[in-house]
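Chain residues, written in single-letter form:
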Amino acid sequence: MELSTIAQQLVNGIQSGAIYALIAVGYTMVYGILRMINFAHGEVYMVGALVAWLGTSRDWYGVVSHSSTGGLVLLIATAMLVCMTLGVLIERLAYRPLRHAPRLIVLITAIGMSFLLQNLALILFGADPKTVPLTWRTVQLGGISVSLGQLVLLIASLSFMAGLQLLVKRTQFGRAMRAVSEDFQAAALMGVPYDRVIVGTFAIGAALAGAGGAMTAIFVGAPVTPTFGFMPGVKAFVSAVLGGIGNIPGAVLGGLLLGVIEALVGGHPTLSPFRDAIAFCLLIAVLLFRPAGLLGRAVQEKV
Amino acid sequence: MTWRKWLLWLIAVAIIMTLSACTSRSGGSAGGAAGGSGTVNPSARLAKRNAAKVEQSAPEPDQDRIVIGVYADLTGDNSTFGEETRNGVTLAVEEVNRAGGVLGKQVVVRFEDTRSDPQQARNVVTKLIQQERVLAVIGEVASTMSLAGGPICQQYGVPMISPSSTNPAVTDQGNYIFRVCFTDPFQSYVMAKFLAEHLKVKRVAILYDNSSDYSKGLAEFFQESFRKMGGEITDVLSYKPQDTDFRSQLTTIRAKNPDAIYIPGYYKSVGLIARQARELGIKVPLAGGDGWSSPKLVEGAGGPGKAIEGCYFSDHYAPDDPAPQIQEFVKKYRQRFGQTPGGLAALAYDAARVLFAAIEKAGKLDRAAIRNAIANTRNFPGVTGVITINEFGDADKSAVVLQVRGNRFVFVTRITPETATTAASARQVK
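To start, this report covers the structure provided alongside it. (Residues numbered from 1 in each chain as written. Chains lettered and ligands numbered in written order. Predicted model: local features only at pLDDT ≥ 70, side-chain atom pairs only at ≥ 80, totals over all residues. Heavy atoms only, no water.)

What chain A contains, in helices and strands, is eleven helices and two strands. Start at the N end of chain A and walk to the C end: the helices and strands fall as α-α-α-α-β-β-α-α-α-α-α-α-α. Here chain A has a C-alpha radius of gyration of 19 Å; the compact-globule value for 303 residues is 19 Å, and the two agree. Over its C-alpha atoms, taken along the principal directions, chain A stretches across nearly 55 × 50 × 35 Å. Counting the 303 residues in chain A, one finds 54% classified as buried. In chain A, once contacts between residues fewer than 6 apart in sequence are set aside, the share between residues at least 24 apart is 76%. With an accessible surface of roughly 13,300 Å², chain A has 69% of that area assigned to carbon and sulfur atoms. (Helix = DSSP H or I, 4+ residues; strand = E, 2+ residues; numbered from the N terminus. Rg over C-alpha atoms; globule rule 2.2 N^0.38 Å. Buried < 20%, exposed > 50% of the residue type's maximum accessible area, 1.4 Å probe, protein only. Contact = heavy atoms within 4.5 Å. Areas by Shrake-Rupley, 256 points an atom, 1.4 Å probe, with all protein chains shown as cover.)

Turning our attention to unusual backbone geometry. All names here are of chain B. Along the chain, G139 connects to E140 via a cis peptide bond; the corresponding omega equals -15°. When you line up the elements, E140 lands in the loop between β3 (136–139) and α5 (143–156). Even without glycine at this site, N257 takes up a positive phi of about 55°. Its location among the elements puts N257 in the loop between α8 (247–255) and β8 (260–262). A positive phi angle is found at N379, which is not glycine, with a value near 50°.

So, about the packing of helix α9 (residues 230–243) of chain A against helix α11 (residues 275–289) of chain A. Residue and element names in this part refer to chain A. Where α9 meets α11, the axes come as close as 9 Å, and the angle between the chain directions of the two elements is 30°. By the angle between their axes, α9 is roughly parallel relative to α11. As α9 runs across α11, the sense of the crossing is left-handed. Only D276, A279, F280, L282, L283, V286 and L287 of α11 make contact with α9, whose side of the interface consists of M231, V234, K235, V238, V241 and L242. When grouped by side-chain class, the residues that make up the contact of α9 with α11 number eleven nonpolar, no polar and two charged. (Axes fitted to C-alpha atoms, helices over the stretch in contact; angles between N-to-C directions. Parallel < 35°, antiparallel > 145°, perpendicular 65-115°, else oblique. Left-handed = near helix turned anticlockwise from the far one by under 90°. Nonpolar A, V, L, I, M, F, W, Y, C, P; charged D, E, K, R; others polar.)

In this section: the sheet that holds β3 of chain B. Residues and elements named next belong to chain B. Strands sit in the order β2-β1-β3-β4-β5 across an open sheet of five strands; the sheet is parallel. Only two strands of the sheet have a single partner each, and these edge strands are β2 (107–113) and β5 (177–179). Geometrically, the sheet is characterised by an average inter-axis angle of 25° between neighbouring strands, direction not taken into account. Here two bridges tie β3 to strand β4 (residues 160–162), and the two strands are oriented parallel to one another. (Pairing = 2+ DSSP bridges.)

What follows is about the pairing of strand β2 (residues 144–147) of chain A. Remember that side chains alternate between the two faces of the sheet whenever the strand is regular. Residues and elements named next belong to chain A. Burial along β2 is two-sided: the face carrying I144 and V146 and the face carrying S145 and S147 are both buried. Across four bridges, the pairing between strand β1 (residues 138–141) and β2 is antiparallel. Across the sheet, the residue bridging to L141 is I144, located in β2.

So, on to the state of the cysteines. All names here are of chain B. One pass over the full model with this rule turns up zero disulfides over all chains. No disulfide involves C153; its nearest neighbouring cysteine sulfur is the one of C181, lying 16 Å away. Exposure remark for C153: the relative accessible area of 0% places this residue in the buried category. (Disulfide = S-S within 2.5 Å.)

From the geometry alone we can't say anything about function, so treat these as descriptive.
Written out as C-alpha cells, the structure reads:
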C-alpha cells in the first residue's frame, strides 16, 4: 500500500470512528451510573438522523434555509433537543419504574424499547431509505481527499467530546455524576440528587447520539431507515467495551480505534468481507485479555 | 497468559469467521447453493430442477374465484421494488377482471410483506398456501427471498413465477418454479460486453454486496465474462447493506486507477457509494445491474446531476423505448399510479399475464395443469419482450443498457441473447 492510501484510510477511519465515539459515550455514561446497557441508544441515533431528514426535505415555510450554516446549526441543535427529550422520556417511562428490579429485567426492557422505537419509525415514516438532499465539496490535502462535510463532522464531534470531558471534570453536575457512578448510595447520603443526575446523564447521552445521527445524515449523506441505528449502536457498544465501559475517554479511544481498524480491514482486498467479524473478534480479544477494557480499571469484586 | 486462554481465543475467532462467512454466503439456509463455489453445468441444473418432488398436497384452491398470492418486500430495505411489483400485478389483475376475468372467474390477489427477511419470506409463503389457499404464487424480487420462498412452493406443488429474481439457482429449486426475466450470467455478460465494446474499457474494479446472492452471482459472472473479453479486474471488494462507510473499499480501488467500477448492488447502497466515490475524487463511470432500477437511486446519490450522473446499468426494459406495447403499458401505468414504471413493475405485469394465460390454457383450476401450461409458454408478447420459457424455467430475453441522466434512465442499447450464446447459454453456468 502506498503512503497516501494509508493516510486516506486513516482519515476514513477517524471519521467513522468519531461517530462511534459519539454514540459510545452515551452507552458508557449510562453504564457508569446505572450499571445497565441502554440498548435503545442506537434508536436515539436513528431519531436524530430522521430529524435531520425532516428538516431538510421540507420547506418549513422558508423559516431558515437548510443549506446555510446557521440553518444547519439550528437543525443539529433541534435534533439534539428532540433526542434529549426522547432520552429523558425513555428513562422516565421504561427504566425508572425498574430502578430496583433485577438487571436482567432492565436489559430486556431496553431491548423492547429498541424494538418499539424502530417499529414506531417504521409506522410513522415507512421503510424507504431517506437521504438528506445536500452534497459537499471535496478538498484535496496532498494525496488525501476529504469532503467538507467530513471535516465539519470530525471537528464538531471532537468538540462535543471535549465539551463533555469539561462538563464531567469541571462542573458541579459532573462531580455529582462521578459521585453517583462511584457509589450511588454514599452519594445519595451526601445529598446528591440521585434521580436528577440519572435524568441528566440520559439527556446528555441522547443529545450526543442525536447529534451523531443528524450529522451522519447531513454530512455523510447516509440513507436513513428504521434500522439505521442498529449496526452503529452495536459497533458503539463494542467501542465502549473496548475502551473500558464506564470510562468516557475510553469510549472515545475505543470508537476511534474501531473506526481505524475497520477502515484498514475494509480496504484490504481479501479481508474486506470480514470487516464486521473482525470488529467482534476484537471485542472477544479485549474481554479475554483485558476484561476491564483498554482504559478501564480492574475492580476487585468483594465477596 | 496461559495456553488455555490462547486456545479459547483461537476457537472464538474460528467460530466468528465461519459464522460470518456462512451468513454472507447464503442469507438463509435455502440459499446455500446460490453464491457458493463449485461450477454447475446446464445438465446439472436440469437434473437438480427435475429431481425436486412435490412432497405434500396443498389445501384445495377456491373454485369460485381465482386467488393469487404475491410476496414482496413492501416495507423493508428494498420497498420500492415491492411497491412496483404490487402495482404491476394490480394493473394486470384490474385489466383482466374488467375484461371478464380468467375462465370467466374474477381474480383476487393476496399481498404479503417479506421485509427483505428470508425467514419472513418462508412464513408468508406458507401462510399464502395454507391459509389463503392460493392457486399460484408470484414473487419475490430479490433472489435471496425467492430462494427462501421457492422450496415451499415446490414442496406443496404450487406454481411460482418470480417476476424478477435473476440468480440462476432460483429456478433450479424445482419444476414448479419459473421466472419471466433473464438470469445473472446473461445480465453480467451484457454489462461486460457494453463496457468492453461500447466504452472501450480495459480495467474494471468490482464492489459487491456480500450479503446478497444476487450481487455475489453478478460479481462472479461479470469477472468471468470480462476476463474472457480480454479485460482486467483490478480489485474485488465487498460491503454489507447496512454499511454507511464505503470509503475504505473505494480508497483501495482508487489506488489502482481502474477505468470503471462495477457495483452490482441494490439502489440503497449504490447511491451512497457513488457519492463517496466522487468525494474521493474517483471520476470514472460506475456500472451496475437491475438492482439500481429505482426512482430512489438518484436521490440517494445526492440528487439529479450529481454523483451518479452518466452512469450505466443493465435492466429489463426502457420506459422511453418507442415500441408500441411499451408505450401503451407506460401510459396505462401512469394513469393508474402517477409514476413512470420501472423494469420491476413491467416484469410483475408480465408475470401476472403469463400466469393468467397459463390458467386459461389449462382450462381448470388445477395446479399441476397450470404448471405444465406455464412451462409450455412460447412467444408470449410481454411488455419486457417476447417470453419463451425454456427447459430451465427461465425466460430467454434481451436486456437493455440504461444511462442515468438527471432524474431519468435513458435507453442506450439493447443486447440480445443470440449475440450472447457463446458466453451465457452454452457456457458452463454457475
